[in-house]
Amino acid sequence: EPEVTQTPSHQVTQMGQEVILRCVPISNHLYFYWYRQILGQKVEFLVSFYNNEISEKSEIFDDQFSVERPDGSNFTLKIRSTKLEDSAMYFCASGDQPQHFGDGTRLSIL
Amino acid sequence: AQTVTQSQPEMSVQEAETVTLSCTYDTSESDYYLFWYKQPPSRQMILVIRQEAYKQQNATENRFSVNFQKAAKSFSLKISDSQLGDAAMYFCAYRISYQTGANNLFFGTGTRLTVIP
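This write-up is about the structure you can find in this document.

Procedures and definitions
Residues numbered from 1 in each chain as written. Chains lettered and ligands numbered in written order. Predicted model: local features only at pLDDT ≥ 70, side-chain atom pairs only at ≥ 80, totals over all residues. Heavy atoms only, no water. Disulfide = S-S within 2.5 Å. Helix = DSSP H or I, 4+ residues; strand = E, 2+ residues; numbered from the N terminus. Buried < 20%, exposed > 50% of the residue type's maximum accessible area, 1.4 Å probe, protein only. Core = buried A, V, L, I, M, F, W, Y, C linked by side-chain atoms within 4.5 Å. Contact = heavy atoms within 4.5 Å. Buried area = accessible area lost by both parts, 1.4 Å probe. Salt bridge = Lys/Arg side-chain N within 4 Å of Asp/Glu carboxyl O. Polar contact = N/O pair within 3.5 Å; in protein donor to acceptor, adjacent residues only side chain to side chain.

**Quick word on the state of the cysteines**
Residue and element names in this part refer to chain A.
Right, so step 1: A complete count under the given rule lists 2 disulfides over all chains for this structure.
Right, so step 2: Note on cysteine connectivity: Cys23 is disulfide-linked to Cys92, with sulfurs 1.9 Å apart. With the S-S bond torsion at -65°, the cross-link from Cys23 to Cys92 turns out left-handed. Residue Cys23 is found in strand S3 (residues 19-24), and its partner Cys92 is found in strand S9 (residues 88-94); the two are separated by 69 residues along the sequence. As far as burial versus exposure is concerned, Cys23 and Cys92 are alike and both buried.

**Points about the nonpolar core**
Residue and element names in this part refer to chain B.
Right, so step 1: In this structure, Tyr25, Trp36, Phe75, Leu77 and Tyr90 are the most contacted members of the largest nonpolar core, which totals 26 residues.
Right, so step 2: At the level of elements, strand S3 (19-21), strand S5 (32-39), strand S6 (46-52), strand S8 (64-69), strand S9 (74-79), strand S10 (88-96) and strand S12 (111-116) are the ones that each hand at least two residues to this core.
Right, so step 3: The element contributing the most residues to this core is S10, with 5 residues.
Right, so step 4: When neighbours within four sequence positions are excluded, Phe75 is seen to be in contact with Leu21, Cys23, Tyr25, Leu34, Phe35, Trp36, Gln51, Val66, Asn67, Phe68 and Cys92.

**Quick word on the environment of Leu21(A)**
All names here are of chain A.
Right, so step 1: Within the fold, Leu21 resides in strand S3.
Right, so step 2: Given the relative accessible area of 0%, Leu21 is considered buried.
Right, so step 3: Separated by 18 residues in the primary sequence, Leu21 and Glu3 have C-alpha atoms spaced 17 Å apart.
Right, so step 4: Leave out the neighbours within four places in its chain, and Leu21 touches Thr7, Trp34, Phe75, Thr76, Leu77, Tyr90 and Thr105.

**Comments concerning the interface of chain A and chain B**
Right, so step 1: Every contact between the two is made by 23 residues of chain A and, on the other side, 19 residues of chain B.
Right, so step 2: Between chain A and chain B the total buried area reaches about 1,900 Å² when both faces are included, carbon and sulfur atoms providing 51% of it.
Right, so step 3: Broken down residue by residue, the surface that chain A buries against chain B is led by Lys42(A), Gln97(A) and Phe101(A), which jointly contribute 29%.
Right, so step 4: Inspection of the chain A/chain B interface yields 1 salt bridge.
Right, so step 5: Put simply, Asp96(A) and Arg95(B) hold a salt bridge, and the shortest N to O gap is 2.5 Å.
Right, so step 6: On inspection of chain A and its partner chain B, the count reaches 7 residue pairs in polar contact (both at pLDDT 80 or more).
Right, so step 7: Among the secondary structure elements, those contributing two or more residues to the side of chain A that touches chain B are strand S4 (31-37), strand S5 (43-50), strand S6 (53-57) and S9 of chain A.

See the structure below:
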């Protein structure tokens, strides 16, 4: 069964550094998402992407965040200047009904 | 605004017994989808079951079934014949159905289910 794959599984970064989280959605899916889960808290929506543009974003998704689908395959989330509070599990999802999730990238900001 | 509430932070069940996890939601929409996702210690998010709001019949998937009460805005998950592998965090989630483009999920805070051998 096709699945969403995310790399890396764990990323450790110094505060203030840029980080890029990568996702390969399921190939025939048209809708892509990033969600975040701070340890011990619920999963929160960050951004959705459709037809090569952002279709919706939450208040968490500020100017420090950006998304790209550079080559029609990968779907990336970039955080320009990381903060301690960006430490979380980041999930990529694709699809519509239902959304299929990747295994997540654990981001640790030091 | 759409909100999803799971009032049971933790639940436990004896192996082979049945357990029900509660979920309520708030929406002004009439057409939407509801989901239960399972998150084992490995932290994956695995879809367990989904329900379309326009369908009166409760969804079932093997040992998993829901009790969908639209008027009460309630969507509980029943796990029958519980197995050790069912131990996980369970999240209830909601999304609107009619908007074009990508529709994000709203999640509850989760219920941690422990299965006792």
